[in-house]
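Residues per chain, in single letters:
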Amino acid sequence: MPATHPRRILVTSALPYANGHIHLGHLVEYIQTDIFVRFQKLRGQRAIYLCADDTHGTAIMIRAKAEGRSEQELIAAMREAHLADFADFQIAFDHYGSTDSPANRRLCGEIWQSLRRRGLVTSRDVTQLFDPVAGVFLADRFVRGRCPRCDAADQYGDSCEQCGATYSPADLVDPRSTLSGAKPEERSAEHLFVTLEAMHGFLDEWTRASGALDPRVANYLIGHFLGEPLRDWDISRPAPYFGFEIPDAPGHYWYVWFDAPIGYLAATSEWCAAHGESFDAWWRRGGTNEPPAEIHHFIGKDITYFHTLFWPAMLEAAELSLPTRVRIHGFLTVNGQKMSKSRGTFLLARTYLDHLDPGMLRYYYAAKLSGGIDDIDLNLPEFAAKVNADLVGKVVNLASRTARWLEKTGLSARYPDDGGLFAHAAADGTEIAAAYEACDFARAMRAIMLAADRANLYVDTEQPWKLAKAGPEAAAKLQDVATVAINLFRQLAVYLAPVLPKFATQVGELVGGPIGSWEQSQQPLTAAPVGTFIPLMRRVEAAQLEALLSQSSEQSRETSPGVPAVESQPSAQPSPATDRPGDSGDALAAEPLAPTCTIDDFAKVDLRVARIIMAEEVPEAKKLLKLTISLGGDVTRTVFAGIKGFHAPEALVGRLVVVVANLAPRQMKFGLSEGMVVAASGAGAQGVYLLSPDSGALPGMRLH
RNA sequence: GGCAGCGUAGCUCAGUUGGUUAGAGCACCGGCUUCAUAAGCCGGGUGUCGCCGGUUCAAGUCCGGCCGCUGCUACCA
């Protein structure tokens, strides 16, 4: 519980790059951070959540040029889009800045002077490929050519995707710039470096002993960087570059990764200016009489070393406060694989919002995040099941099934005997809070759902619907039972408030007023009016998920020219089939075409002709027939096929069908199924139609 | 190629410093309930804890090797 002096907690998320829109992968971090900050505020701590757009660098410069507008116009437009996405996902920054701001320029200058004073800046020439037409130096990925080892065409400047060779861009055969198509030339330019090795002792100590890092991360750093002399960090880029020109080195610009983390400081500075606070009190060591502010950075594992080596070194050199904790999370996969435009799983925040409630994603992520650096998977069928079961079926349903009894009477004047349920859940608050504090939100959600289970069991046991029918003499008992249920419901809403802020607000409107303090979970409400219950959250339907994926696929086709558009297929010729009566587009419309797959994808599926040699009823099964099929010779398989009712077993024996022969065997209730018989179905689901090859085909033949 | 993480029930995952009979949710089956958004409650069983070896009285847990999956690969590593 907050003592007389609340903790001061400064929290950041990594700055999103102004080169693209927010997607569901980004949101893992912003939602995680937002939950942490909201939790701290609910507990009465003084927490501030700061972030900003990361706006500088070559990529922004090139994109602005390609779009024929200034960098400032580009980043302003992207900022607006980012802010709208964050707001709609209920991510509540206390301040959202930009690295392209006067405050950031000033602070970059100050840090830079600290590095200079300490003699940590040096310079030397660096040779890079230069695009003479576009007039810019080229990163490896902006150069393509033939592999010097295997001669594969169209390879990136650093490694060959065909043979795996690694090399430098200058080794490529016939290199060309992906920006202009011009042949790049080698140019040498002076770069400025920070001599990190001078900070080696400090970093060793900080990594090991500060407690800011998970031991696994500390081990990683010790094993990979701190075990040998640290390389100089190339901190400048020659013109042309979109960024801040270095004041004492005209023609040189700070590299984007220098000014990006300083954006945390700039955001603090701007927030302080707007709220009459002192920057020094938050970042300067010994800047106040208060205990030092805590500084928590939330980042993805990909930018670990920027935040655990370069950034602490910069802060140390500038004598600013060091991070209390660097909280590192993994990446998001969708349905078990990385987000992919061609699979339609590269899900933008905005696309999600077009179809689904943001609170649901916040809850799902919370239920998956345990504070570690493991990747988390967004499995869409599981997402629907979890949201429907936990939020709709357990939590919201609790009010849905009891609030109506209290509309006229309000809560009982005294809190009834609930068998210790409220006190039990109030005591759970300690463990739930500890889990939130440790960013083990998954554990917090499990504990909260257990409390929800107990509450539902209570309602089930007390059977208020019977009391309602029992007449006036049971009215007091009915009011008491509903009072308990609604109190337990509101208690859950307090615990869930960091995850579901909008839901908590709505619950406050239903009963008891605004939820603003963790303490509200500790005392039941009495004699308060109860509003009319309106459904607070709708179930997720499969159709919504399909619509989400299908819209995402369309967007990807529009925006990624590398993926052939379905529309580009020559389909204008009238097809004989479309002239047939009854051949409507219903079936196609009911199940839109799957995303494009390659011939390699198709080759993974081994389709074979097979002969059904036995077909048996499975008495207990509603849909299944047990088939024994032959792939030729004495190779037979047992397959359970969902065709009962559409085909008589005896009519199937001897018939040729097509099977997926390399499908992973699946244990079904009635036995192991070792393949799948291919059949057509869909639209109206009027039937299931087996495929047959033309006569002459033999078992074992593969479909190509 | 380099680096990292993971591998526990059909699926998604928990399993504290090694310590009884390895757990939860979902899915599935049966029963109850009918207030509630096809919601709720009870019961049911399922595991060579990826494989091989080692340390130990004791290994899902520690060590080594192998296999598989996933992610990252930025002017860097």
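Note that the structure is a prediction, hence the values are computed from the model and not measured.

J.: In this structure, what is going on with the overall build of chain A? I would like to understand it.
T.: Counting its secondary structure elements, chain A contains 21 helices and 26 strands. The burial tally for chain A puts 48% of its 704 residues in the buried class. The contacts in chain A between residues at least 6 apart in sequence include a share of 72% that link residues at least 24 apart. As displayed, chain A has an accessible area near 33,000 Å², and 53% of this comes from carbon and sulfur atoms.

J.: I keep staring at the sheet that holds strand β17 (residues 376–378) and nothing clicks. Help me out?
T.: Within a beta sheet, neighbouring strands are joined by backbone hydrogen bonds and run either parallel or antiparallel to one another. Taking strand neighbours across the sheet as the criterion, the 3 strands line up as β16-β15-β17 in an open arrangement whose pairing is mixed. Each edge of the open sheet carries a strand with a single partner, namely β16 (337–338) and β17. Note: strand β15 (residues 332–334) against β17, 3 bridges, orientation parallel. Following the sheet pairing, Leu-332 is matched in β17 by Ile-376.

J.: Explain the side chain of Asp-440 here, please?
T.: Of note, Asp-440 is situated in the loop between α13 (421–437) and α14 (441–462). The exposure class assigned to Asp-440 is buried, which follows from its relative accessible area of 15%. Beyond its immediate chain neighbours, meaning those up to four positions away, Asp-440 contacts Leu-369, Ser-370, Gly-371 and Ala-435.

J.: Even after reading the chapter, I still don't get helix α4 (residues 102–117), so can you show me in this structure?
T.: Residues three or four positions apart in an α-helix share a direction because the helix packs 3.6 residues into each turn. When the terminal C-alpha atoms of α4 are compared, their 23 Å separation across 16 residues agrees well with the 22 Å that a helix rising 1.5 Å per residue should span. Among the residues of α4, Ala-103, Asn-104, Leu-107, Cys-108, Gly-109, Ile-111, Trp-112, Ser-114 and Leu-115 are the ones counted as buried. Following α4 by one or two positions, Gly-119 has its phi on the positive side, about 70 degrees.

J.: What is the right way to look at the packing of α13 against α14 in this model?
T.: If you want to describe how two helices pack, look at the angle between their axes and the distance between the axes. Following both chains from N to C, one finds α13 and α14 inclined at 170 degrees, their axes separated by 8 Å at the closest point. Overall, the two elements α13 and α14 adopt an arrangement that is roughly antiparallel. In this structure, α13 uses Leu-421, His-424, Ala-425, Asp-428, Glu-431, Ile-432, Ala-434, Ala-435 and Tyr-436 to contact α14, whose residues at the interface are Phe-441, Arg-443, Ala-444, Met-445, Ala-447, Ile-448, Ala-451, Arg-454 and Tyr-458. Each residue belonging to the contact of α13 with α14 can be placed in one class, and the counts come to 13 nonpolar, 1 polar and 4 charged.

J.: Which parts of the structure should I look at to understand the nonpolar core?
T.: The nonpolar side chains of a soluble globular protein tend to be buried, and buried together. If you look at the biggest cluster of nonpolar residues, it comprises 171 residues, and the most contacted ones within it are Trp-283, Tyr-365, Phe-383 and Tyr-436. Residue contacts for Phe-383: discarding those within four places in its chain leaves Tyr-352, Leu-356, Met-360, Leu-361, Tyr-364, Leu-378, Val-540 and Leu-545. Membership of the second largest hydrophobic core comes to 15 residues, among which are Ile-75, Met-78, Leu-129 and Leu-138.

J.: Can you help me understand the pairing of strand β21 (residues 656–660) in this one?
T.: Remark: a regular strand shows side chains that alternate across the two faces of the sheet. Extensive coverage of β21 is indicated by the burial of 5 of its 5 residues. The alternating pattern of β21 places Leu-656, Val-658 and Val-660 on one face and Val-657 and Val-659 on the opposite face, and all of these are buried.

J.: Got a minute to help me understand helix α11 (residues 358–368) in this structure?
T.: Burial analysis of α11 places 10 of its 11 residues in the buried class, the great majority of the element. What α11 keeps buried is the set Pro-358, Gly-359, Met-360, Leu-361, Arg-362, Tyr-363, Tyr-364, Tyr-365, Ala-366 and Ala-367. The N-capping residue of α11, defined by a side-chain oxygen 2.7 Å from the backbone nitrogen of Gly-359, is Asp-357.

J.: When you look at the protein's contact with RNA strand B in this model, what are you seeing that I'm missing?
T.: The immediate surroundings of RNA strand B are formed by 45 residues, with Arg-231, Asp-302, Lys-368, Met-537 and Arg-539 found nearest. Between RNA strand B and Arg-446 there is a distance of 3.3 Å, counted from a sugar or linking oxygen to a side-chain nitrogen or oxygen. Arg-539 has a polar side-chain atom sitting 2.3 Å from a phosphate oxygen of RNA strand B. Those elements that provide at least two residues to the surface near RNA strand B are α6 (215–226), β16, α12 (380–400), α14 and α15 (464–469). It is α12 that provides the largest number of residues to the surface near RNA strand B, a total of 7 residues. Looking at side-chain class alone, the surface near RNA strand B contains 14 nonpolar, 9 polar and 22 charged residues.

J.: Explain the environment of Pro-535 to me, please; I cannot follow it from the model alone.
T.: By the secondary structure assignment, Pro-535 is in the loop between α17 (501–510) and α18 (542–559). In this structure the C-alpha to C-alpha distance between Pro-535 and Asn-397, which are 138 residues apart in sequence, comes to 8.8 Å.

J.: Sorry, what's going on with unusual backbone geometry here?
T.: Glycine aside, the phi torsion of most residues is negative, and most peptide linkages are trans. In this structure, the amide linkage connecting Ala-239 to the following residue, Pro-240, adopts the cis form with an omega of 0 degrees. Notably, Cys-439 is not glycine yet its phi reads approximately 65 degrees, a positive angle. In this fold, Cys-439 is placed in the loop between α13 and α14. For Gln-463, which is not glycine, the phi torsion reads 50 degrees and is therefore positive. Considering the arrangement of structural elements, one finds Gln-463 in the loop between α14 and α15.

J.: Explain the environment of Ile-246 here, please?
T.: Structurally, Ile-246 is set in the loop between β11 (236–238) and β12 (252–254). Classification of Ile-246 by relative accessible area gives buried; the value is 1%. Along the primary structure Ile-246 and Trp-112 are separated by 134 residues, whereas in three dimensions their C-alpha atoms are 8.7 Å apart. Here Ile-246 is in contact with Trp-112, Leu-192, Ser-236, His-252, Tyr-253 and Trp-254, once residues within four sequence places are set aside.

J.: How should I be thinking about the sheet that holds strand β13 (residues 294–300) in this particular structure?
T.: Taken together, the 5 strands give an open sheet; going across it, the order is β3-β2-β1-β13-β14, and neighbouring strands pair in parallel fashion. Looking at which strands have only one partner, the edges of the open sheet turn out to be β3 (95–98) and β14 (325–329). For this sheet, the mean inter-axis angle between neighbouring strands, taken without regard to orientation, is 25 degrees. With 5 bridges joining them, strand β1 (residues 8–13) and β13 adopt parallel strand pairing.

Here is what the cut-offs are and how they apply
Residues numbered from 1 in each chain as written. Chains lettered and ligands numbered in written order. Predicted model: local features only at pLDDT ≥ 70, side-chain atom pairs only at ≥ 80, totals over all residues. Heavy atoms only, no water. Helix = DSSP H or I, 4+ residues; strand = E, 2+ residues; numbered from the N terminus. Buried < 20%, exposed > 50% of the residue type's maximum accessible area, 1.4 Å probe, protein only. Contact = heavy atoms within 4.5 Å. Areas by Shrake-Rupley, 256 points an atom, 1.4 Å probe, with all protein chains shown as cover. Pairing = 2+ DSSP bridges. Expected span 1.5 Å × (residues − 1). Axes fitted to C-alpha atoms, helices over the stretch in contact; angles between N-to-C directions. Parallel < 35°, antiparallel > 145°, perpendicular 65-115°, else oblique. Nonpolar A, V, L, I, M, F, W, Y, C, P; charged D, E, K, R; others polar. Core = buried A, V, L, I, M, F, W, Y, C linked by side-chain atoms within 4.5 Å. Polar contact = N/O pair within 3.5 Å; in protein donor to acceptor, adjacent residues only side chain to side chain. Near = heavy atom within 4 Å.

Functional significance is not addressed by these values, which are geometric in nature.
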